[in-house]
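Coordinate analysis (summary)
Here's the letter readout for the chains.
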Amino acid sequence: MILFAEILRVVASVLLILSSGFYLRHLEKTKRQRKLGSLELIMYIMIQLAFILFTISLLIGVFFI
């Protein structure tokens, strides 16, 4: 049961990373066409920050744990 929960967690993480990547691309295209609204700008910054933090945590996990 614990293995199934871990598999679900990994699948959910991958889906969240993929969907946020596609949404970030959409926001970048929108940014080129027009000025982003306040909510769109917040999401644009938050997704970039999340990718940076995810990368840092992945690097820490690979090299230090």
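As the structure is a computational prediction, the values presented were derived from the model and not from experiment. (Residues numbered from 1 in each chain as written. Predicted model: local features only at pLDDT ≥ 70, side-chain atom pairs only at ≥ 80, totals over all residues. Heavy atoms only, no water.)

Before going further, it helps to examine the overall build of the chain. Within the chain one finds two helices and zero strands. By the compact-globule yardstick of 11 Å for 65 residues, the chain is too spread out, its C-alpha radius of gyration being 15 Å. The principal-axis extent of the C-alpha atoms belonging to the chain is close to 45 × 25 × 15 Å. Split into buried and exposed, the 65 residues of the chain put 11% on the buried side. If you sum the accessible surface of the chain, you get close to 5,700 Å²; carbon and sulfur atoms cover 76% of it. (Helix = DSSP H or I, 4+ residues; strand = E, 2+ residues; numbered from the N terminus. Rg over C-alpha atoms; globule rule 2.2 N^0.38 Å. Buried < 20%, exposed > 50% of the residue type's maximum accessible area, 1.4 Å probe, protein only. Areas by Shrake-Rupley, 256 points an atom, 1.4 Å probe, with all protein chains shown as cover.)

Any two side chains of opposite charge can pair, on the condition that their charged atoms come close. Counted under the stated rule, the structure contains two salt bridges. A salt bridge links Arg9 to Glu6; its shortest N-O distance comes to 3.0 Å. Taken together, the residues span about one helical turn, with Arg9 and Glu6 both in helix α1 (residues 2-33) at a distance of three residues. The partly exposed category is assigned to Arg9, whose relative accessible area is 48%. Note that Arg34 is salt-bridged to Glu40, the shortest N-O span being 3.1 Å. (Salt bridge = Lys/Arg side-chain N within 4 Å of Asp/Glu carboxyl O.)

Time to look at the UniProt feature "transmembrane region" (unreviewed entry) in the chain. Cross-referencing UniProt, the feature "transmembrane region" (unreviewed entry) maps to residues 6-24 and 44-64 in the present numbering. In residues 6-24, helix accounts for 100% and strand for 0%; the two terminal C-alpha atoms are 27 Å from one another. What you have in residues 44-64 is 100% helix and 0% strand, and the ends, taken at the C-alpha atoms, are 30 Å apart. (UniProt positions renumbered as here; feature names shortened; annotations may be inferred.)

A pair of packed helices is characterised by two quantities: the angle between their axes and the separation of those axes. For the pair α1 and helix α2 (residues 38-64), the least separation of the axes is 10 Å and the interaxial angle reads 135°. Between α1 and α2, the angle is such that the two are oblique. Taken as a pair, α1 and α2 cross one another with a handedness that is left-handed. Packed against α1, whose contacting residues are Ile17, Ser20, Gly21, Tyr23, Leu24, Leu27, Glu28 and Lys31, the element α2 presents Glu40, Met43, Tyr44, Ile47, Gln48, Phe51 and Phe54 at the interface. (Axes fitted to C-alpha atoms, helices over the stretch in contact; angles between N-to-C directions. Parallel < 35°, antiparallel > 145°, perpendicular 65-115°, else oblique. Left-handed = near helix turned anticlockwise from the far one by under 90°. Contact = heavy atoms within 4.5 Å.)

This brings us to the nonpolar core. The biggest cluster of nonpolar side chains holds five residues, and these are Leu24, Leu27, Leu36, Tyr44 and Ile47. Those elements giving two or more residues to this core turn out to be α1 and α2. The contacts of Tyr44, once residues within four sequence positions are left out, are Leu24, Leu27, Glu28, Lys31 and Leu36. (Core = buried A, V, L, I, M, F, W, Y, C linked by side-chain atoms within 4.5 Å.)

Moving on, we come to α1. Relative to the 46 Å expected for 32 residues at 1.5 Å per residue, α1 spans 47 Å between its end C-alpha atoms, a close match to the ideal helical length. On its buried face, α1 is in contact with α2. (Expected span 1.5 Å × (residues − 1).)

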